[in-house]
Amino acid sequence: MLTRLPLLLVFSLVVMDLSAQEYRFHQYRVEQGLPSDVIKATAQDSLGFFWIATDDGIVKYDGLRFTTYRSALHSQYAKGFLTTRKGRLLAIADLDLIEIENQVDTVIFHSLLRGTRNPTDTTIWYGKTLYEDRHENIWIAETQAVVRYDGKAMKRYDFGPEHRSPVFIRSYNFFEDQDGNLYAAGYAGKVFRFNKNADTFELLPQTLPGHSSHVLFEKGKLLVASGDGLYEATLHHGEIQNVHRLMPALNCSYLLRTSDALWVCTFNEEVYRVPGSRYEDAEKLPYSFIGASALFSSKEHDLWVASDKGLILVQKNQFQVLDMRSQAHFIEGMAHDAEHDVLYYCSKEALIGLYHGRDGAWEHRLLYFNRDGYFQTLQFNEQGLWAGTSFEVLLFQHDKLKKRWDFAKEGGFIADVFIDKQQNIWLSQGRARRVKRMSTQDFSLRYYDVPLLKQSQINLVREGDDGIYLASSGAGGYLFFKSHEADTFQNVSLPVNFPVESDLNIHDLAVQKDIVWLASTEGLLRYDGHTTQRIDLGEPLTSSSVSSVETLDDRYILFSNSYGLMRYDVITGDLWLYDENTGLPSNTITDHGILIDRYNRLWIGTSFGLALASKSIRTNATTAQPFCTYASVNGMTRRFRHGLQAPYGAFITLMFSPITFPENKINMQWRLDDDSVWHSMYDHTLTLSDLSAGRHRLQVRAKKNTGLGWSDPTETTVTIGKPYWQKAEFIFLILLAALMIAWASYAVSAAIMKKRKAYLHDLIKERTLDLQKANEELLQRNAELDRFVYSASHDLSAPLKSVLGLIMVARMDKSIANHEQYLDMMERSIRKLEKFIEEVVSYSRNTRMPVKPETFLFTVFVQNLLLDHQYAPNYGKIKFDVEDGTGGQPIVADVVRLKIILNNLISNAIKFHWFGGDREPVVCISLTATTTHYTIVVRDNGRGIDNHHLGHIFDMFYRASEQAQGSGLGLYILKESVLKLGGTVEARSKLDEGTTFIITLPALNPASPTA
């Protein structure tokens, strides 16, 4: 079947008007940086910066950031703007009339009139709108009055409470007729005319429709946006006549006239475009505008809608989707019937015709549908429409299928159909090694062998001035050629100048004079018969697969890749990009998806529908010149209007914006001084560092990827200060410092010599004192040595003599009973000698051994010492108390020396204790500790020491009592041991009451021995 019945249920063959997606919309709300979603008005200053009146202050938008100036107004509610004939930008708010002076790097707000919440003769009262008359007077609409401001003073014209506006945003609209008469149209429909001579307003007897939010005067007629629609009235000699409704658009709020249309918005959700004055052709924009209150047309002819749900940008698309039915369909092929102006396109299963009517509308007709088919290519000539589908070639005449050819036995799908200048049909078929040419005279076929590579196939055929080109795949066989006179195709493939990453498959080709442009999987290739070069488009475009290519004229070609449609200047290498932001339904353009018809209209077939360029893309319009919008030096914001100043070595951050939209489709480049290479800028931000001292010229340019070229460069001067070592102040300081250093060197040298002389004098004096001290110590040591030798000889010889004497007595005494007594007496003498020798050894050890810190428990240590004395006479009669103030914590000390110290004290306490009377002998040994010292106290209640002996008890061989049987070395060795440990010892005593020894020792670190 030619046409499947189910299709009739889906597609209607009835002619119907098409809807075009002419516009794209972008909404700015709080999420994008606005302080409030409620927008009252929008304007542009002389530099192109946008200003927005919101319910939370005035906002500046530089294309990158929204900056809110709340302090510019005394009330947060901004209402509107006015650009005067001289380019001044004024803003009106509840309590202010201000002028905005934008200096780019700062903004100055000039207060013209202040407002109050109660009207006075010098203040405004809740202003609504602004108007400038022909005499440059500024008129302000208030709730029930209007104010004239001539730049010096204001005057109020009060209409009375009966003419008071009941709404916050609207009250009176101003307009002037052809004769220069000024009118104020109230919200209720009342119209007042200003009488210049009487300096008063006069109420006209005629009225406008009620709820009049906005009024335009055009060529003797009034256009009124009212509550129940758009009205028109005639203003003739000051009389309002012929009031009638043009459009039933409810709650009209604002009117804007542009060069090609009247725009009407409503407080509901509609915005209408009226072409010219054809109100019956008014179209509603396909967007829900909630509470649209004002419209603004920018310098780039974009429409900005102020609404209760933010600010909406409306831009007309470069491309339009004329046939909404084509969306969601992969456009496989296109062809154009120039005589009848019909555009044919095909999807996988369907063949559709678009018919251009006299009224400019395009009508959709379904010509053929086959669910099992697969259309891939279309061509049109005098005989009709040729289509390749699956294995068949179909011929349609007058939109009816007239003939079909089945090539299923000769290969795969019909990939391409091409008609040459002789009206011959060239057929490219998958898996075929030959290309077919069909004569349109008798439909006869001729086959041409093609020396294809293995695994290659014929992709397409195109014609040049000298012959036929055939495209295939493979680095060694991607292009073949046959002159018009030749009968065979020759492989004309040339080596490529880049590494091939795939099979180098050619999707499309176009011939431009002697150049063949190849759309390949490796990028855009240029073939001139001598070389095959890949065009450097910059990364990532250079190596991106190209799906289609077509010549636009002798200078420009069009090609497509995954980024969209490109226009390429073959002379300069400039590139223009058109993508979904320009209205293309998809960035993916199909193979052979570019068609330029006989009327130079550009049709684009994409993976998501068919698009038509609404205006020529041959224009070389440029992007708006960018502004520097922000500068910082070392993180601190700086002004830059007259050039940026920065110290040497500073880190500089700059931001640039051309203030054009969509802002996310802008490429930025920069170069410095005489650099000929442009460098890419990312996120509109440039960082500079390590700049040399001096004046630098920074150039920045912008390019919007909506078919616009590079802008004129913006120049910014960056001046880097001299490094500190090149400044005159530094050189002066260096010279001054050199002089000061020389003087200081002399002074210091003199002071050093003086100090050295004093040092040597003090050193000599110190060494002399040291020698004197050493001599005194030597004398003391010699005296001690003399005493030691004398006492030692006495203490050593006395026991020995006693033993010899006892031996002699024992020999003379024959009584065996007395021998035991003699032996006891000899033992005591020998033990006395032994004790003396131990003391001498202890003294020797103390002087030679280094301090060896050890960790131990004090209580256990003392108890072990007491055990060594348990067999001493009278030991059992004495009570020993041990007190550990550390709570049983380990302490660190020299165990050997501490044993010498405590053994002496314990031994003396036992020897010289008081036995008898009514007191119990007690010896108390206690320890207290701090973080730096230990204090050991040994206290007894024995015999005590007389005061005149107390100062000598630590002398060598000193005995404080005749009853003492020791050598007099014990306490001397004790003191020497304490001093060796870096401590102190103190003795306190009262005769017949007892003695207390206080020993203070530093806390040692148990790390290593010390000398």
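As shown above, the structure is provided for reference.
Scoring rules and cut-offs
- Residues numbered from 1 in each chain as written.
- Predicted model: local features only at pLDDT ≥ 70, side-chain atom pairs only at ≥ 80, totals over all residues.
- Heavy atoms only, no water.
- Helix = DSSP H or I, 4+ residues; strand = E, 2+ residues; numbered from the N terminus.
- Rg over C-alpha atoms; globule rule 2.2 N^0.38 Å.
- Buried < 20%, exposed > 50% of the residue type's maximum accessible area, 1.4 Å probe, protein only.
- Areas by Shrake-Rupley, 256 points an atom, 1.4 Å probe, with all protein chains shown as cover.
- Lys, Arg positive; Asp, Glu negative; His and termini not counted.
- Charge placed at Lys NZ, Arg CZ, Asp CG, Glu CD.
- Pairing = 2+ DSSP bridges.
- Polar contact = N/O pair within 3.5 Å; in protein donor to acceptor, adjacent residues only side chain to side chain.
- 1 Å grid on protein atoms, 1.4 Å probe; cavity = no way out; pocket = protein on both sides within 12 Å on 5 of 7 lines; lining within 4 Å.
- Points joined across faces, edges and corners; volume = space filled by probe spheres on them.
- Nonpolar A, V, L, I, M, F, W, Y, C, P; charged D, E, K, R; others polar.
- Contact = heavy atoms within 4.5 Å.
- Core = buried A, V, L, I, M, F, W, Y, C linked by side-chain atoms within 4.5 Å.
- Phe/Tyr/Trp six-rings, centres within 6.5 Å; stacked < 30°, edge-to-face > 60°.

J.: Quick rundown of the overall build of the protein chain? Include the residues and the values.
T.: For the protein chain, the count of helices and strands is seven helices and 72 strands. Here the C-alpha radius of gyration of the protein chain, 56 Å, is well above what a compact globule of 1011 residues would show, namely 30 Å. Counting over 1011 residues, the protein chain shows a buried share of 50%. Surface accessibility of the protein chain: about 50,100 Å² in total, with carbon and sulfur atoms responsible for 51%. Of note, the protein chain has its 107 positive side-chain charges centred 4 Å away from the centre of its 119 negative side-chain charges.

J.: Residues and numbers for the sheet that holds strand 45 (residues 490–491), please.
T.: Taken in spatial order, the four strands make up an open sheet running 42-43-44-45, and their pairing is antiparallel. This sheet does not close on itself; its edge strands, each paired only once, are strand 42 (460–463) and strand 45. Where strand 43 (residues 467–471) and strand 44 (residues 479–483) come together, five bridges link them in antiparallel fashion. Looking at strand 44, one finds that Y469 is bridged to F481.

J.: Lay out the side chain of Q669 in plain terms, naming residues and giving numbers.
T.: Tracing the backbone shows Q669 in strand 61 (residues 666–672). Look at Q669 and you get buried, because its relative accessible area is 15%. A polar contact of 2.7 Å, which involves the side chain of Q669, links it to the side chain of R701.

J.: Could you give an account of empty space enclosed by the protein, naming the residues involved and the relevant values?
T.: Counting across every chain of the model gives three cavities of 30 Å³ or more. Here the second largest cavity defines a volume of roughly 40 Å³. If you go around the second largest cavity, the residues you meet are V892, A893, D894, L981, L1001, P1002 and L1004. Taken together, the elements giving at least two residues each to the lining of the second largest cavity come down to strand 68 (891–894) and strand 72 (994–1002). Classifying every residue of the lining of the second largest cavity gives six nonpolar, no polar and one charged.

J.: How would you explain the environment of S502 if you had to name every residue and give the values?
T.: Within the element layout of this structure, S502 appears in the loop between strand 45 and strand 46 (506–512). Sequence-wise, S502 and D770 are 268 residues apart; in three dimensions their C-alpha atoms are separated by 96 Å. With near-sequence residues (within four places) excluded, S502 lies in contact with T521 and E522. Side chain to side chain, S502 and T521 meet in a polar contact 3.0 Å long. A polar contact of 2.6 Å, which involves the side chain of S502, links it to the side chain of E522.

J.: Could you give an account of the nonpolar core, naming the residues involved and the relevant values?
T.: Core analysis: the largest hydrophobic core is formed by 57 residues, its most contacted members being Y28, W51, F81, I652, L654 and L698. Those residues in contact with Y28, other than ones at most four positions away along the chain, are L34, Y61, F66, W304, G310, L311, L313, F661 and E663. Formed by 40 residues, the second largest nonpolar core is a distinct cluster that contains F861, L905, I945 and V985.

J.: Give a description of the packing of aromatic side chains that names residues and reports values.
T.: Across all of its chains, the model carries 50 aromatic pairs by this definition. Ring geometry for F50 and F661: centres 5.5 Å apart, planes at 75°, overall edge-to-face. Taken together, the residues span a long stretch of sequence, with F50 in strand 3 (residues 50–54) and F661 in the loop between strand 60 (652–657) and strand 61 at a distance of 611 residues. Measuring from ring centre to ring centre gives 6.0 Å for Y344 and F380, while their planes differ by 15°; the resulting arrangement is stacked. Here F380 lies in strand 34 (residues 375–381) and Y344 lies in strand 31 (residues 342–346), a separation of 36 residues in the sequence. Residue class for Y344 comes out buried when judged on its relative accessible area of 4%. Pairwise contacts between aromatic rings join Y131, W139, Y157, F159, Y172, F174, F192, F194 and F201 into one cluster.

What is shown is where atoms sit, not what they do.
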